[in-house]
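Tertiary structure, described
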Amino acid sequence: MNKKELENALIFPQGEKNPYGAYFTGQSYLEGMIADKDLPFGVGNVTFEPGCRNHWHIHKDGYQVLLVTAGEGWYQEEGKEAQLLHAGDTIVTHAGVKHWHGATKDSWFSHVAITAGEAVWLEEVSDEQYENLSLIHISEPTRQA
């Protein structure tokens, strides 16, 4: 998906350059959607330029739900095969599960992230790990009922 196609597909604003950019390889954007101190979670639209991905991380004492809205991206949990994501796919990551997510190298990618708990940022996804994704068997995302 190119930039023009993304702009036509987005249902939420792309947002500004991500203030958490230190935890990403490449450029991402964040549009905060819900940041209510009375709620135990936050909601944001995250958009990734082609090739952009976040670092490995966990959600301490919480979780993350990803609702893919546009483009093509990757999601991978440590020790598991990467999942190729498309609009309409959903991912649930439970507390303490080491994972990362981001765009494919040729497509913009956008998802809504519903996140509770503290994100603990870990090491970068290496260029070698990322480049090898196209060479491995890809699993289909799990549809959450």
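Our subject is the structure that appears above.
These notes cover the structure that comes with them. The structure presented is a predicted model; accordingly, all values stated were derived computationally and were not measured.

Thresholds applied
- Residues numbered from 1 in each chain as written.
- Predicted model: local features only at pLDDT ≥ 70, side-chain atom pairs only at ≥ 80, totals over all residues.
- Heavy atoms only, no water.
- Salt bridge = Lys/Arg side-chain N within 4 Å of Asp/Glu carboxyl O.
- Helix = DSSP H or I, 4+ residues; strand = E, 2+ residues; numbered from the N terminus.
- Buried < 20%, exposed > 50% of the residue type's maximum accessible area, 1.4 Å probe, protein only.
- 1 Å grid on protein atoms, 1.4 Å probe; cavity = no way out; pocket = protein on both sides within 12 Å on 5 of 7 lines; lining within 4 Å.
- Points joined across faces, edges and corners; volume = space filled by probe spheres on them.
- Nonpolar A, V, L, I, M, F, W, Y, C, P; charged D, E, K, R; others polar.
- Polar contact = N/O pair within 3.5 Å; in protein donor to acceptor, adjacent residues only side chain to side chain.
- Core = buried A, V, L, I, M, F, W, Y, C linked by side-chain atoms within 4.5 Å.
- Contact = heavy atoms within 4.5 Å.
- Pairing = 2+ DSSP bridges.

What follows deals with the pattern of salt bridges. Between side chains of opposite charge, a pair can form when the charged atoms approach closely. Using the criterion set out here, one finds six salt bridges in the structure. The shortest N-O distance in the salt bridge between Asp127 and Arg53 comes to 2.7 Å. Of this pair, Asp127 sits in helix 2 (residues 127–131) while Arg53 sits in strand 5 (residues 53–54), placing them 74 residues apart in sequence. Ionic pairing is found between Lys105 and Glu131, a salt bridge with its closest N-O pair at 3.8 Å. Taken as a pair, Lys105 in the loop between strand 9 (99–103) and strand 10 (109–121) and Glu131 in helix 2 lie far apart in primary sequence, 26 residues in all. By relative accessible area, Glu131 is classed as partly exposed at 41%.

Our focus in this paragraph is the layout of surface pockets. Roughly 520 Å³ of volume is contained in the largest pocket. Each residue belonging to the lining of the largest pocket can be placed in one class, and the counts come to 12 nonpolar, 12 polar and one charged.

Assignment of secondary structure puts Glu77 in strand 6 (residues 57–77). Look at Glu77 and you get buried, because its relative accessible area is 14%. In this structure the side chain of Glu77 is engaged in a polar contact, spanning 2.8 Å, whose partner is the side chain of Tyr75.

So, about the nonpolar core. In terms of nonpolar packing, the biggest core is built from 12 residues, these being Phe24, Val46, Phe48, Cys52, Leu66, Val68, Tyr75, Leu85, Ile91, Ala103, Phe109 and Ala113. For this core, the secondary-structure elements that each account for two or more residues are strand 4 (42–48), strand 6 and strand 10. Here this core takes three residues from strand 6, the largest share from any one element. Apart from the residues lying within four places of it in its own chain, the contact partners of Phe24 are Asn18, Phe48, Cys52, Arg53, Asn54, His55 and Trp121. One finds Ala82, Leu84, Val125 and Leu133 within the second-largest nonpolar core, a separate group that totals eight residues.

By the bridge criterion, six bridges tie strand 6 to strand 9 in an arrangement that is antiparallel. By the bridge assignment, Glu77 is partnered in strand 9 with His99. One ladder, built from 12 bridges, connects strand 6 with strand 10; its direction is antiparallel. Bridge pairing links Tyr63 to Ala116 in strand 10. Pairing analysis gives five bridges linking strand 6 to strand 8 (residues 90–94), with the strands arranged antiparallel. Note on strand 8: the bridge partner recorded for Leu66 is Ile91. Linking strand 6 back to strand 7 (residues 83–86) in an antiparallel pair, the connection comprises five residues, with Gly79 at a positive phi of about 80 degrees.

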